[in-house]
Amino acid sequence: WAVRNSSTLLFSALMTRVFGVKRLSDEHCQENKMTSKQFFTKFPSLHSFLLKELNLATSPLEADRFDVLQPSLFPMLLLLSRLYPSTLDDGGDPNMSLQPFVNLVLRCAKSSVWKIREAASRALLMLLSQTELTKSINLLYSSGLGIRGARQNHTHGLFLMLYALLLEMFPTDWKTGLNTICLLLKISWIGKQINRCPVTRGTYLQILGTFFDQFHLFAPNDSSQQFHHSVADKLELFCDSLELLTNTGHSTFLHTRLLVAGCCYCYLVLTCTNPSVCDQEVISAAASLLVCDHSHDNVIVCFVSTCLQHSVYEVKQCVLTEMKRKPLSNSNMLTLVPIFL
């Protein structure tokens, strides 16, 4: 233990010495990072060293030997997450490029350690330039995402990487983001009760919830038709989620309930307030499950009312937080006033 502890302290001190004191509190913001050109110019021998050690640490994962843990893997991912590609031409010097690290970091999605998967998702985002995001998203989706019987750890790792890349892509390339979401809706079974893993289910719902939340900010006017193509998948997923949320006797992971509540709220606000993407089939199904009139206002008010009277305190808090971020209309808020009295 003493050796591990002192090694951790030394690594922390080296990171501070190399990258400097944090300029902003967010460790992962651009101001606290360094370009690959700067870093490998200062420490040229580290490029080949990191490649060799990362390949060695991820080889067991490539061979599906998940019982072999490499303590050096996390520090290397942490270091890579503090680098980003240089915008200047490096003359094609392979000793300055971050591209050779990408495939090695992708292997970490298979890790049985949650923190490794999280660190790998942050590192992968930093290793890619804006022009490489689309290619990498397609690669992640074609890596067996959504295949029944796949290892849940691997699925979770791929989802974390996909989520990180989509968050970066939404403001700049909404079309690719929308295509990816439509593909994810085709594997909607991951977000349903048939999937017994609350972690992968929660991450899947988190991706969709973020998409529904940001749709009105970035989506072009001509994207509604493509959005409607997945109405059947959305209908099944939404009904399954709403059934889980309204059935207070159902035993499930608390975090999953919160993500279901947040995702459903964002989707209802989107589809009830934006006529171009309104799915009447989903509204009708929600009205039937909530036992209310089929008008848009009644459906969303009834949903919020159901959540605010939920037996789980955290579900109430989650919906109130979403209402603060995305308020309802004044008339809907007046309808909800008796619940607060």
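Predicted model, so just to flag it, every value in this text is computed and none were measured.

What follows concerns the overall build of the protein chain. Summing up its helical and strand segments, the protein chain has 17 helices and two strands in all. If you take every contact in the protein chain between residues at least 6 apart in sequence, the share linking residues at least 24 apart comes to 70%. With an accessible surface of roughly 16800 Å², the protein chain has 57% of that area assigned to carbon and sulfur atoms.

Here we take up helix α4 (residues 73-80). α4 sits mainly inside the fold: six of its eight residues count as buried. Every buried residue belonging to α4 is among Leu73, Met76, Leu77, Leu78, Leu79 and Leu80, and all of these are buried. Where the residues of α4 are buried, they touch α1 (2-19), α2 (36-42), α3 (45-62), β2 (83-84), α5 (99-107) and α6 (114-127).

Right, let's talk about the packing of aromatic side chains for a bit. Each aromatic ring pair is summarised here by two numbers: the centre-to-centre distance and the angle between the ring planes. Within this structure, the stated rule accounts for five aromatic pairs. With centroids separated by 5.3 Å and ring planes inclined at 55°, the aromatic side chains of Phe39 and Phe43 adopt a geometry described as tilted. On the accessibility criterion, Phe39 (2% relative accessible area) is buried. A connected cluster of aromatic rings, assembled from ring pairs, spans Phe19, Phe39, Phe40, Phe43 and Phe101. Its guanidinium or amino end placed over the ring of Phe19, Arg82 lies 4.7 Å from that ring's centre, counting from NZ or CZ. For Arg148, the ring lying beneath its charged end belongs to Trp189, and the centroid distance is 4.6 Å.

Further remarks concern empty space enclosed by the protein. One simple way to see leftover space: roll a probe sized like a water molecule over the atoms. Under the criterion given, the structure shown has two cavities of 30 Å³ or more. Estimates place the volume of the second largest cavity at around 60 Å³. Taken together, Gly146, Ile147, Ala150, Gln152, Thr155, Trp189, Ile190, Asn195 and Thr200 form the lining of the second largest cavity. Residue classes in the lining of the second largest cavity are distributed as four nonpolar, five polar and no charged.

With that settled, the discussion passes to the packing of helix α8 (residues 152-169) against helix α9 (residues 174-185). Where α8 contacts α9, the axes come no closer than 9 Å and their chain directions differ by 150°. Accordingly, the angle class assigned to the pair α8 and α9 is roughly antiparallel. Of the two possible hands of crossing, α8 and α9 adopt the one that is left-handed. Where α8 abuts α9, its residues Phe159, Leu162, Leu166 and Met169 lie against Trp174, Thr176, Gly177, Thr180, Ile181 and Leu184. Across the contact of α8 with α9, the residue classes tally to seven nonpolar, three polar and no charged.

Next up on the list: the packing of helix α14 (residues 280-290) against helix α15 (residues 296-308). Running from amino to carboxyl end, α14 crosses α15 at an angle of 45°, the nearest separation of the two axes being 10 Å. Classed by the angle they form, the pair α14 and α15 counts as oblique. With respect to the hand of their crossing, α14 and α15 are arranged in left-handed fashion. Contact residues: Gln280, Ile283, Ala286, Ala287 and Leu290 in α14; His296, Val299, Cys302, Phe303 and Thr306 in α15.

One pass over the structure, following the stated rule, counts four salt bridges. Linking Lys110 and Asp64 is a salt bridge whose minimum nitrogen-to-oxygen distance equals 3.5 Å. Within this pair, whereas Lys110 is found in the loop between α5 and α6, its partner Asp64 is found in the loop between α3 and α4, the two being separated by 46 residues in sequence. Using a relative accessible area of 47% as the deciding quantity, one classes Asp64 as partly exposed. Measuring nitrogen to oxygen at the nearest pair gives 3.7 Å for the salt bridge that ties Lys115 to Glu118. You can see Lys115 and its partner Glu118 sitting in helix α6, three residues apart, about one turn around the helix.

This paragraph deals with the environment of Thr321. Within the secondary structure, Thr321 sits in helix α16 (residues 313-325). C-alpha separation for the pair Thr321 and Gly262, spaced 59 residues apart in sequence, amounts to 9.0 Å.

By volume, the largest pocket amounts to about 650 Å³. In terms of lining residues, the largest pocket is bounded by 22 residues, among which Ser7, Phe11, Ser72, Pro75 and Met76 are the most central. Contributing elements (two or more residues each) for the lining of the largest pocket: α1, α3 and α4. Looking at the lining of the largest pocket element by element, the count peaks at nine residues for α1. For the lining of the largest pocket, a count of residues per class yields 16 nonpolar, four polar and two charged. Size it by volume and the second largest pocket reaches roughly 250 Å³. Taken together, 13 residues line the second largest pocket, and the ones lying closest to its centre are Gln30, Met126, Leu128, Gln130 and Glu168. For the lining of the second largest pocket, the per-class residue count stands at six nonpolar, five polar and two charged.

About the cut-offs
- Residues numbered from 1 in each chain as written.
- Predicted model: local features only at pLDDT ≥ 70, side-chain atom pairs only at ≥ 80, totals over all residues.
- Heavy atoms only, no water.
- Helix = DSSP H or I, 4+ residues; strand = E, 2+ residues; numbered from the N terminus.
- Contact = heavy atoms within 4.5 Å.
- Areas by Shrake-Rupley, 256 points an atom, 1.4 Å probe, with all protein chains shown as cover.
- Buried < 20%, exposed > 50% of the residue type's maximum accessible area, 1.4 Å probe, protein only.
- Phe/Tyr/Trp six-rings, centres within 6.5 Å; stacked < 30°, edge-to-face > 60°.
- Lys NZ or Arg CZ within 6 Å of the ring centre and 35° of its normal.
- 1 Å grid on protein atoms, 1.4 Å probe; cavity = no way out; pocket = protein on both sides within 12 Å on 5 of 7 lines; lining within 4 Å.
- Points joined across faces, edges and corners; volume = space filled by probe spheres on them.
- Nonpolar A, V, L, I, M, F, W, Y, C, P; charged D, E, K, R; others polar.
- Axes fitted to C-alpha atoms, helices over the stretch in contact; angles between N-to-C directions.
- Parallel < 35°, antiparallel > 145°, perpendicular 65-115°, else oblique.
- Left-handed = near helix turned anticlockwise from the far one by under 90°.
- Salt bridge = Lys/Arg side-chain N within 4 Å of Asp/Glu carboxyl O.

The values reported here are purely geometric and, on their own, carry no functional implication.
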